[in-house]
Amino acid sequence: MESKYNYFKRDISWLSFNYRVLLEALDERLPLYERINFISIYSSNLEEFYKIRVADHKAVASGATESDEETVQSARELVEEINKEVTRQLDDRVRIYEQKILPALRKNHIIFYQDNHVEPFHQQFIKDFFREEIFPYLQPVPVSKDKIVSFLRDNRLYLAIRVYPKKEEKNKGEETKENIEKYTGECINERNDGEGIKVGMEAARPNVTDLRQPLYFVMKQPYAKVPRFIELPSREKNHYLMFTEDIIKANLNLIFPGYDVDSSYCIKISRDADILIDDTASSADLVAQLKKKVKKRKIGDVCRFVYDRAMPSEFLDFLVDAFRIQRDELVPGDKHLNLEDLRHLPNPNKSLHSLEKPKPMKLTVLDEKESIFNYVAKKDLLLYYPYHSFEHFIHFLYEAVHNPETREIMVTQYRVAENSAVINTLIAAAQNGKKVTVFVELKARFDEENNLATAEMMQAAGIKIIYSIPGLKVHAKVALIRRRGLNGEKIPSYAYISTGNFNEKTATLYADCGLFTCRKEIVADLYNLFRTLQGKEDPKFTTLLVARFNLIPELNRLIDREISLADEGKQGRIILKMNALQDPTMIDRLYEASEHGVQIDLIVRGICCLIPGQSYSRNIRVTRIVDSFLEHARIWYFGNDGTPKVFMGSPDWMRRNLYRRIEAITPVLAPDLRDNLIEMLDIQLADNQKACWVDDKLQNIFKKRTPGTPAVRAQYTFYDWLNKTNS
């Protein structure tokens, strides 16, 4: 039956979020290089979006795959809508970069050359640098229609170059022909350079009867050998930077002797990076599939062809035909592509300060002498990353390694850090004679190879590894320390439930929560969950909420409770903090609750398919916060007539999380910790510096500070609050 409600399209909503990331580059309160970094993040996000989401829609649009959620026609229309919105956003990115960022750099005595104009005192340096540092790594490859053409590698920058043979006097016509063949012969003779490039000699030979016919080449930028950004000699108080491709462009005449260089433009290809595997395969087959298919990620189908929008139409038409690009794969870009590289932009002006982000604090109650085991045996402990130090969790594992009463350590791993202290501690536990069981999710996108290599290393150290469950992803972030007294008596075991991965790197970048407890009901449920992951039993959970088992029924019961309260004239209240809200069934429940008068605040960082401002959503407000750290925690509040119920855990309200993954959510039962989470939610709702309303047109409407009220920047305000309570 068709729903009476409406929803935002998932991918258009995501583009609204990514545009909010870009808007941070406009915030002049931020340090300049922090603003530049947000352009980098925006660009990197967009690249992955095309590789996964747009690639999926294009596969449906072409008839290559079938989908239960969209038709061929709707997929084509969506790709067109996405490209249109991305083009609009890129116009703004160009404007922000050129009209805001570059002048701000100049104001701070950093001259970032963007065009052909180079000061006379740098011209010789640029020529010398090109000859000595860049030229040896350049390899122009000819391009011609209906010939074997080069394979453009995924997300690599290329220069597309158009040249004409120089005009020669009549009696030098043959000499011109010889020059052309002499120059092109070496690079045109059929060869394979190890990167998939294979060309035939005929591909670049000019029409000898008309030497002014254009010739086309592509040339991969050698960023593996040369940095993307080059620092030029300073002069007086000014510092100078230049893109490597601009140095190459300035010296193209040295690469093409005997030619007039007409023009050159940057291009790049994005390729489908999704890995299609048999999700029902056994663990052994899954490992074999991943090892084979992950290597094909770089040669996937084209999902977008990005080009400098200044490129003339006939130049673009030639490339489209030569590389067999579909018109719906064309996405116009700026003169300089791959601006995700801006995160590496040198800062030669050392007086430019960086952002003073909150430094991870250690709890005074958990100094180096204090046992976390002893503390948690008395009361639950809740940590907030990155405000609290992740070293507390490492110390928790370290205690388990050296505690003689530890029987077993059980952990899930979704995204594993490289050179991980967590993994090293688990290996130490196994070598110390402890039983260690780690569930490794091999299907974590873009982390498959790293997760597999880490799993094999742990297995070699004696750790029991459980791989992905067929047909499911395990997204729960949980750990269990099982203990028994040396004489067999029962002593507390410890559970840890988190909203984020066991990853030291992301623990400094993502805003997450982690709960330590030795409550028997939670420990028992967590043990049952690990047994389920090992395929040993059909569990019953009494306290934890686990996706695919008791999560949806309990969420419905909690929402029904708030609806009943509103119907009785009492206050129905829901606050939901998450990364994404997409599942239509649960959105319908929120619409229904709104219609009954339940007051609902959503703090959703990314995708939000619920449309506010409708008759059926008049009591729902959607807040989005983008700031120094990535908001990643999932926290749910239900008013419950003055006795709030608060939950935290791993899932967003998306179809995949609620129905196709194993997720774990815990109620926060300690009253003081529950109140702390409520305080955090209140601070986030009060944010008037970095928070936006998301309106019914997916616009990000910045919340304005009411005169006379304090400035609230949620991440920093909450850090200060935690610091004051750290005693």
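Residues numbered from 1 in each chain as written. Predicted model: local features only at pLDDT ≥ 70, side-chain atom pairs only at ≥ 80, totals over all residues. Heavy atoms only, no water.

**Quick look at the overall build of the protein**
Part 1 of the argument: Of regular secondary structure, the protein possesses 19 helices and 28 strands.
Part 2 of the argument: By residue count, 59% of the 727 residues in the protein fall in the buried class.
Part 3 of the argument: Relative to all contacts within the protein whose residues are 6 or more apart in sequence, the contacts with residues 24 or more apart total 77%.
Part 4 of the argument: Here the protein has roughly 31,900 Å² of accessible surface; of this, 47% comes from carbon and sulfur atoms. (Helix = DSSP H or I, 4+ residues; strand = E, 2+ residues; numbered from the N terminus. Buried < 20%, exposed > 50% of the residue type's maximum accessible area, 1.4 Å probe, protein only. Contact = heavy atoms within 4.5 Å. Areas by Shrake-Rupley, 256 points an atom, 1.4 Å probe, with all protein chains shown as cover.)

**What to know about the packing of helix α2 (residues 32-61) against helix α3 (residues 72-107)**
A pair of packed helices can be characterised by two numbers: the angle between their axes and the separation between those axes.
Part 1 of the argument: The geometry of α2 relative to α3 is characterised by a closest axis approach of 11 Å and an angle of 165° between their N-to-C directions. Of the possible angle classes, the one that applies to α2 and α3 is roughly antiparallel. Where α2 crosses over α3, the two elements pack in a sense that is left-handed.
Part 2 of the argument: Along the lines of polarity and charge, the residues of the contact of α2 with α3 split into 23 nonpolar, four polar and five charged. (Axes fitted to C-alpha atoms, helices over the stretch in contact; angles between N-to-C directions. Parallel < 35°, antiparallel > 145°, perpendicular 65-115°, else oblique. Left-handed = near helix turned anticlockwise from the far one by under 90°. Nonpolar A, V, L, I, M, F, W, Y, C, P; charged D, E, K, R; others polar.)

**Some details on the sheet that holds strand β5 (residues 229-235)**
Part 1 of the argument: The strand order across the open sheet built from three strands is β1-β6-β5, with neighbouring strands paired in mixed fashion. The open sheet has two edge strands, β1 (110-113) and β5, and neither has a second partner. Sheet twist, expressed as the average angle between the axes of neighbouring strands with direction ignored, equals 25°.
Part 2 of the argument: For β1 and strand β6 (residues 238-243), the ladder comprises four bridges, and the chain directions are parallel. Residue pairing for β6: Ile-111 is matched across the bridge by Tyr-240.
Part 3 of the argument: Helix α4 (residues 120-134) contacts β1, β5 and β6 of the sheet and is inclined by roughly 145° relative to β5. (Pairing = 2+ DSSP bridges.)

**Let's talk about the side chain of Asn-251**
Part 1 of the argument: Within the secondary structure, Asn-251 sits in the loop between α6 (244-250) and α7 (252-255).
Part 2 of the argument: A relative accessible area of 2% means that Asn-251 is categorised as buried.
Part 3 of the argument: Within the structure, the side chain of Asn-251 is placed 2.8 Å from the backbone oxygen of Ile-247, a separation counted as a polar contact.
Part 4 of the argument: Apart from the residues within four sequence positions on either side, Asn-251 is in contact with Ile-126, Lys-127 and Phe-130. (Polar contact = N/O pair within 3.5 Å; in protein donor to acceptor, adjacent residues only side chain to side chain.)

**Things to note about the UniProt feature "binding site: ATP" (unreviewed entry) in the protein**
Part 1 of the argument: Under the local residue numbering, the UniProt record ascribes the feature "binding site: ATP" (unreviewed entry) to Asn-45, Tyr-510, Arg-605 and His-632.
Part 2 of the argument: Mapped onto the elements of the fold, Asn-45 is located in helix α2.
Part 3 of the argument: In contact with Asn-45, other than residues within four places in its own chain, are Trp-14, Phe-17, Asn-18 and Val-21.
Part 4 of the argument: With respect to the helices and strands, His-632 occurs in the loop between β22 (630-631) and β23 (634-638).
Part 5 of the argument: Apart from residues lying up to four places away in sequence, His-632 is in contact with Thr-499, Gly-500, Tyr-510, Ala-511, Asp-512, Asn-579 and Arg-605. (UniProt positions renumbered as here; feature names shortened; annotations may be inferred.)

**Details of the packing of aromatic side chains**
Part 1 of the argument: Tallied over the entire structure, the rule returns 39 aromatic pairs.
Part 2 of the argument: Centre to centre, the rings of Tyr-387 and Phe-629 are 5.9 Å apart; their planes meet at 85°, and the pair counts as edge-to-face. Of this pair, Tyr-387 sits in the loop between β10 (381-385) and α11 (391-402) while Phe-629 sits in the loop between β21 (620-625) and β22, placing them 242 residues apart in sequence.
Part 3 of the argument: Geometrically, the ring pair formed by Tyr-591 and Tyr-616 is edge-to-face, given 4.7 Å between the ring centres and 70° between the ring planes. Linking Tyr-591 in helix α16 (residues 584-595) with Tyr-616 in the loop between β20 (599-604) and β21, this pair joins segments that are 25 residues apart in sequence.
Part 4 of the argument: Of note, Arg-88 hangs over the ring of Tyr-19, and the distance from its end group to the ring centre comes to 4.8 Å. (Phe/Tyr/Trp six-rings, centres within 6.5 Å; stacked < 30°, edge-to-face > 60°. Lys NZ or Arg CZ within 6 Å of the ring centre and 35° of its normal.)

**Quick look at the pattern of salt bridges**
Part 1 of the argument: With the rule as written, the count across this model stands at 44 salt bridges.
Part 2 of the argument: With a shortest N-O distance of 3.3 Å, Glu-47 and Lys-51 are connected by a salt bridge. With a gap of four residues between them, Glu-47 and Lys-51 both fall in helix α2, about one helical turn apart. Assigned by exposure class, Glu-47 and Lys-51 land together as buried.
Part 3 of the argument: Asp-328 serves as the salt-bridge partner of Lys-58, at 3.1 Å between the closest nitrogen and oxygen. On the criterion of sequence distance, the pair formed by Lys-58 in helix α2 and Asp-328 in the loop between α9 (313-322) and β9 (330-333) is long-range, its members being 270 residues apart. (Salt bridge = Lys/Arg side-chain N within 4 Å of Asp/Glu carboxyl O.)

**Some thoughts on empty space enclosed by the protein**
Part 1 of the argument: A complete count under the given rule lists four cavities of 30 Å³ or more for this structure.
Part 2 of the argument: What the largest cavity holds in volume is close to 110 Å³.
Part 3 of the argument: Surrounding the largest cavity, 13 residues form its lining, Arg-93, Lys-268, Arg-304, Val-306 and Asn-338 being those nearest its centre.
Part 4 of the argument: Of all the elements in the fold, those that place two or more residues in the lining of the largest cavity are α2, α3 and β8 (302-308).
Part 5 of the argument: Ranked by the residues each element gives to the lining of the largest cavity, the list is headed by α2, at three residues. (1 Å grid on protein atoms, 1.4 Å probe; cavity = no way out; pocket = protein on both sides within 12 Å on 5 of 7 lines; lining within 4 Å. Points joined across faces, edges and corners; volume = space filled by probe spheres on them.)

**Examining the environment of Met-648**
Part 1 of the argument: With respect to the helices and strands, Met-648 occurs in strand β24 (residues 645-649).
Part 2 of the argument: Residue class for Met-648 comes out buried when judged on its relative accessible area of 0%.

**What about unusual backbone geometry?**
Part 1 of the argument: That bond from Tyr-385 to Pro-386 is cis: its omega, 5°, falls within 30 degrees of zero.
Part 2 of the argument: Turning to its location among the elements, Pro-386 is positioned in the loop between β10 and α11.
Part 3 of the argument: The phi angle at Asp-641 is positive, at roughly 55°, despite the residue not being glycine.
Part 4 of the argument: The exposure class of Asp-641 is partly exposed, given its relative accessible area of 39%.

**Observations regarding the sheet that holds strand β28 (residues 700-702)**
Part 1 of the argument: Spatial ordering of the open sheet is given by β18-β26-β24-β23-β19-β20-β21-β27-β28, a layout of nine strands whose pairing is mixed. Taken across any chain shown, the strands that pair with only one partner, and hence form the sheet edges, are β18 (545-546) and β28.
Part 2 of the argument: The pairing of β24 with strand β26 (residues 664-667) spans three bridges and is classified as antiparallel. Looking across to β26, one finds that Phe-647 is bridged to Pro-667.
Part 3 of the argument: Packed on one face of the sheet, helix α18 (residues 671-686) meets β19 (573-578), β20, β21, β23 and β24 and runs near 80° to β19.

**Overview of the side chain of His-392**
Part 1 of the argument: Here His-392 lies in helix α11.
Part 2 of the argument: A distance of 3.0 Å separates the side chain of His-392 from the backbone nitrogen of Leu-363, its partner in a polar contact.
Part 3 of the argument: Excluding its chain neighbours within four sequence positions, the residues that come into contact with His-392 are Met-361, Lys-362, Leu-363, Leu-366, Ile-372 and Leu-383.

**With respect to the environment of Glu-34**
Part 1 of the argument: Mapped onto the fold, Glu-34 is located in helix α2.
Part 2 of the argument: Placed 309 residues apart in sequence, Glu-34 and Arg-343 show a C-alpha to C-alpha distance of 9.0 Å.
Part 3 of the argument: Glu-34 has contacts with Leu-355 and Lys-357, leaving out every residue within four places of it along the chain.

**Examining a positive patch on the surface**
Part 1 of the argument: A grouping of Arg-407, Arg-484, Lys-490 and Lys-520 is seen on the molecular surface, where their side chains present a positively charged patch.
Part 2 of the argument: Tracing the chain through its elements places Lys-490 in the loop between β15 (477-483) and β16 (494-498). (Patch = residues over 30% accessible without salt bridge, like charges linked within 9 Å, V, L, I, M, F, W, Y side chains within 5 Å. Lys, Arg positive; Asp, Glu negative; His and termini not counted. Charge placed at Lys NZ, Arg CZ, Asp CG, Glu CD.)

**Some thoughts on the pairing of strand β12 (residues 435-440)**
Part 1 of the argument: Most of β12 is tucked away, with five of its six residues classed as buried.
Part 2 of the argument: Pairing of strand β11 (residues 406-413) with β12, which is carried by six bridges, proceeds in the parallel orientation. Bridge pairing links Glu-408 to Lys-435 in β12.
Part 3 of the argument: One crossover worth recording links β11 to the parallel β12 by way of helix α12 (residues 421-431), and it is right-handed.
Part 4 of the argument: Judged from the three bridges that link them, β12 and strand β13 (residues 464-466) form a sheet pairing that is parallel. (Right-handed = clockwise from strand over helix to strand, strands pointing away.)

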